[in-house]
Amino acid sequence: MNSPPEPPSSADRPAVTDAELLTAHINGDPHAFSEIVKRHRDRMWAVALRTLGDPDEAADAVQDAFVSAYRKASTFRGEAAVTTWLHRIVVNACLDRMRRKSVRPVADDELIEAAERDTPMPDQTGEREVSMEVSAALKLLPTDQRAALVLVDMMGYSVEDAAQVLEVPSGTVKSRCARGRAKLAPILSHLRNRSDLSRVSSAKGAELRDG
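Residues numbered from 1 in each chain as written. Predicted model: local features only at pLDDT ≥ 70, side-chain atom pairs only at ≥ 80, totals over all residues. Heavy atoms only, no water.

Chemist: Explain the environment of valine 90 residue by residue, including any values.
Modeler: Along the polypeptide, valine 90 turns up in helix α4 (residues 82-100). Expressed as a C-alpha distance, the spacing of valine 90 and valine 62, which sit 28 residues apart in the sequence, is 6.0 Å. For valine 90, the residues in contact, after removing those within four places along its chain, are Met44, Val47, Ala48, Ala61, Val62 and Ala65. (Helix = DSSP H or I, 4+ residues; strand = E, 2+ residues; numbered from the N terminus. Contact = heavy atoms within 4.5 Å.)

Given below as C-alpha cells:
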C-alpha cells in the first residue's frame with residue numbers, strides 16, 4: 001500500500017505576494033494585513049525617520065500610514081506595486097506632519113540610537129559622524145526636496161520608482177534632487193573627499209532596498 005504523498009514544505013510552497021495579501025485583507029482575512037505590516041514596517045520606518053529626522057514623529061507617521069492603508073486597502077488598483085503604494089502613503093504622512101507643524105529638533109545621539117535600533121549599521125565612528133551631519137543638513141531642505149533625496153540618495157530608489165511613490169513626473173524628481181543636492185553641497189562640502197559619505201548613503205540604501 002502506497003503511503004500518501006507528503007505535503008509540500010513551507011520552503012516549497014509559493015510565497016504569497018503582497019497583492020494577494022491585500023486582496024485577502026479586503027476579503028476579510030484577519031491576519032493578512034498583519035503580514036503586510038511585518039514585511040514593510042522596517043523600510044517604512046527608515047523612510048519616515050530619514051524624512052522627518054525625529055524618531056517620535058517618524059513612529060507616529062508610520063502608524064498613521066498603516067492605519068490609512070488598512071482603511072483604504074480597497075482603493076488599491078494595482079497600477080503600482082504594493083510596496084510603492086505603502087511608501088506613497090508613509091511619505092504623504094510625513095509631508096503632512098512637516099507642513100502642519102515644525103518638527104522638534106532631535107538630539108544627535110537620539111537619532112543615531114533610533115536608526116541603529118531598527119536598521120542596524122556597523123559601529124564605525126566615521127559613519128556615525130557623517131550620518132549625523134547628513135541628517136541635520138536634510139532638515140534644512142524644503143519638504144519636497146527632502147522627500148526626493150531620501151528616496152533616491154538614501155534609500156537607493158531609482159528616479160522612476162521615486163516618481164511613482166511621490167506621484168510626480170520623473171523629471172520633477174530629478175529637478176528636486178538636483179536642487180536639494182545643490183543646497184546641501186556647501187553645507188557638506190567638508191565631507192566630499194571622505195569615503196564614509198558614499199558608504200552611509202549608497203550602501204545603506206541598498207541594504208534597506210534589498211533587505
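From this point, things continue past the structure.
Chemist: Kindly report on the packing of helix α3 (residues 55-71) against α4, identifying the contributing residues and their values.
Modeler: Running from amino to carboxyl end, α3 crosses α4 at an angle of 130 degrees, the nearest separation of the two axes being 8 Å. Between α3 and α4, the interaxial angle falls into the category oblique. Between α3 and α4 lies a crossing whose hand is right-handed. Judged by residue contacts, Glu57, Asp60, Ala61, Val62, Asp64, Ala65, Ser68 and Ala69 of α3 engage Trp85, Leu86, Ile89, Val90, Ala93, Cys94 and Arg97 from α4. When grouped by side-chain class, the residues that make up the contact of α3 with α4 number ten nonpolar, one polar and four charged. (Axes fitted to C-alpha atoms, helices over the stretch in contact; angles between N-to-C directions. Parallel < 35°, antiparallel > 145°, perpendicular 65-115°, else oblique. Left-handed = near helix turned anticlockwise from the far one by under 90°. Nonpolar A, V, L, I, M, F, W, Y, C, P; charged D, E, K, R; others polar.)

Chemist: How would you sum up empty space enclosed by the protein? Please name residues and give values.
Modeler: Where empty space is left becomes clear once a probe the size of a water molecule has been rolled over the atoms. Under the criterion given, the structure shown has two cavities of 30 Å³ or more. Taken as a whole, the second largest cavity spans an internal volume of roughly 50 Å³. Those elements that provide at least two residues to the lining of the second largest cavity are α2 (32-52) and α6 (125-138). The element that contributes the greatest number of residues to the lining of the second largest cavity is α2, accounting for four residues. In the lining of the second largest cavity, the residues fall into three nonpolar, three polar and three charged. (1 Å grid on protein atoms, 1.4 Å probe; cavity = no way out; pocket = protein on both sides within 12 Å on 5 of 7 lines; lining within 4 Å. Points joined across faces, edges and corners; volume = space filled by probe spheres on them.)

Chemist: Provide a residue-level description of the nonpolar core, including the pertinent values.
Modeler: Inside soluble globular proteins, nonpolar side chains tend to come together where they are buried. Counting 54 residues, the largest nonpolar core has Trp85, Val90, Val91, Leu138, Leu151, Leu166 and Val173 as its most contacted members. Listed by contribution, the elements that provide at least two residues to this core are α1 (18-26), α2, α3, α4, α6, α7 (143-154), α8 (159-166) and α9 (170-187). At eleven residues, α2 tops the list of elements feeding residues into this core. (Core = buried A, V, L, I, M, F, W, Y, C linked by side-chain atoms within 4.5 Å. Buried < 20%, exposed > 50% of the residue type's maximum accessible area, 1.4 Å probe, protein only.)

Chemist: Could you give me a rundown of the packing of α2 against α7, with the residues and numbers involved?
Modeler: Direction vectors running N to C along α2 and α7 enclose 130 degrees, while the axes themselves pass 9 Å from each other. It follows that α2 is oblique to α7 by the angle criterion. For the crossing formed where α2 meets α7, the hand is right-handed. Touching Val47, Arg50, Thr51 and Leu52 of α2 are Arg146, Val150, Leu151 and Met154, all from α7.

Chemist: Could you give me a rundown of the environment of leucine 188, with the residues and numbers involved?
Modeler: Mapped onto the fold, leucine 188 is located in the loop between α9 and α10 (195-210). Owing to a relative accessible area of 11%, leucine 188 belongs among the buried residues under this scheme. Each C-alpha atom, one on leucine 188 and one on valine 134, is 7.5 Å from the other, the two residues being 54 residues apart in sequence.

Chemist: Give me α3: which residues, what numbers.
Modeler: Taking 1.5 Å of rise per residue, the 17 residues of α3 would be expected to cover 24 Å, and the 24 Å separating its terminal C-alpha atoms lies within 8% of that figure. Where α3 is concerned, the buried positions are Pro55, Glu57, Ala58, Ala61, Val62, Ala65, Phe66, Ser68 and Ala69. Considered in projection along α3, the buried side chains sweep an arc of 165 degrees and stay on one side of the axis. Residues of α3 that are exposed and point over 90 degrees away from its buried face: Gln63 and Arg71. The distance from a side-chain oxygen at the start of α3 to the backbone nitrogen of aspartate 56 is 2.8 Å, and the residue carrying that oxygen is aspartate 54. (Expected span 1.5 Å × (residues − 1). Arc of directions from axis to C-beta. Polar contact = N/O pair within 3.5 Å; in protein donor to acceptor, adjacent residues only side chain to side chain.)

Chemist: Outline the environment of glutamate 167, supporting the account with residue identities and numerical values.
Modeler: Note on placement: glutamate 167 falls in the loop between α8 and α9. With relative accessibility at 54%, the residue glutamate 167 sits in the exposed group. Here the alpha-carbon distance between glutamate 167 and arginine 88, two residues 79 residues apart in the chain, equals 7.8 Å. Contact partners of glutamate 167, with chain neighbours within four places excluded, come to Arg88 and Asn92.

Everything listed is a geometric property; what it means functionally is a separate question.
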